[in-house]
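Letter by letter, the chains look like this.
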Amino acid sequence: MRLGCLGFLTLILTFGGMTGLGWIGCQALHEPEFRLPPLEPGDGARAQRKILEIARRGSGHRAAAEPTVLTQGEVNAFLSRHLAEAAEVPFADIGLRLAGDGIVEFRGRLPLAHLTTEPPLSGLASILPAVWLERPVWLRMRARVRLEPGAIRRERRYLRLDVREFAVGRQRLPTVLLRVLLDPRPLRVLRWPVPGSIEAITIEADQVVIRFAA
């Protein structure tokens, strides 16, 4: 761990050249203070069944009056299986906390190499040792979820995550750096297409409620 910290310290000093940034480098290696309860048996199967039902409603099947409710465990079971594929990057240890009042918190790990793909940091990939680039680092985001209204009737709508806080490890960074550090592929998960049959999506504490148009 000490060698890893020194290596990442060197990386941070390369970015800024300021003596105070060494502490930031070590902070970026630590796991964020983000804990989730373990998944319950059957969370994955229930999530798949509910997602399938949402897709059926969106494809023209008659929508029931009652909303669909996904628990925090069901959402995490679904994301742990499908998010890495959707983002096209090797996310691991994925976790999502439904904080309520429209707020979600996300954490996950991915190799440092995926933070050095875009300018101005892309040149670092050619000078850093491969072992550093392979080292997993933690990302943490806090975002407000909203359903974008369609400009015209029948236009595809999107679920958008507006990032309010961003951190690497336990080191908080300006949210503008999110689009500098990550390439466009993982950023796709901040905007998801939703079926036209969905009228509203509400983030409550430990659950998400999906309501459908009559």
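This write-up is about the structure you can find in this document.

Cut-offs and rules
- Residues numbered from 1 in each chain as written.
- Predicted model: local features only at pLDDT ≥ 70, side-chain atom pairs only at ≥ 80, totals over all residues.
- Heavy atoms only, no water.
- Helix = DSSP H or I, 4+ residues; strand = E, 2+ residues; numbered from the N terminus.
- Buried < 20%, exposed > 50% of the residue type's maximum accessible area, 1.4 Å probe, protein only.
- Pairing = 2+ DSSP bridges.
- Axes fitted to C-alpha atoms, helices over the stretch in contact; angles between N-to-C directions.

## Some details on unusual backbone geometry
Here's step 1: Of note in the backbone geometry, D93 takes a positive phi value of approximately 50 degrees without being a glycine.
Here's step 2: With respect to the element layout, D93 can be found in strand β2 (residues 92-100).
Here's step 3: In this structure, D101 takes a positive phi of about 55 degrees despite not being glycine.
Here's step 4: Assignment of secondary structure puts D101 in the loop between β2 and β3 (103-111).
Here's step 5: A relative accessible area of 65% places D101 in the exposed class.

## So, the environment of P195
Here's step 1: In this fold, P195 is placed in the loop between β7 (191-194) and β8 (198-204).
Here's step 2: Spatially, the C-alpha atoms of P195 and F212 are 9.6 Å apart, while their sequence positions differ by 17 residues.

## Quick word on the sheet that holds β8
Here's step 1: Spatially, the three strands line up as an open sheet ordered β1-β9-β8, and their pairing is antiparallel. Of all strands in the sheet, those bounded by a partner on one side alone are β1 (68-71) and β8. On average, each strand axis in the sheet is inclined to that of its neighbour by 15 degrees, with strand direction left out of account.
Here's step 2: Sheet analysis places β1 next to strand β9 (residues 207-212), joined by four bridges and oriented antiparallel. Looking at the pairing, T68 lines up with I210 of β9.

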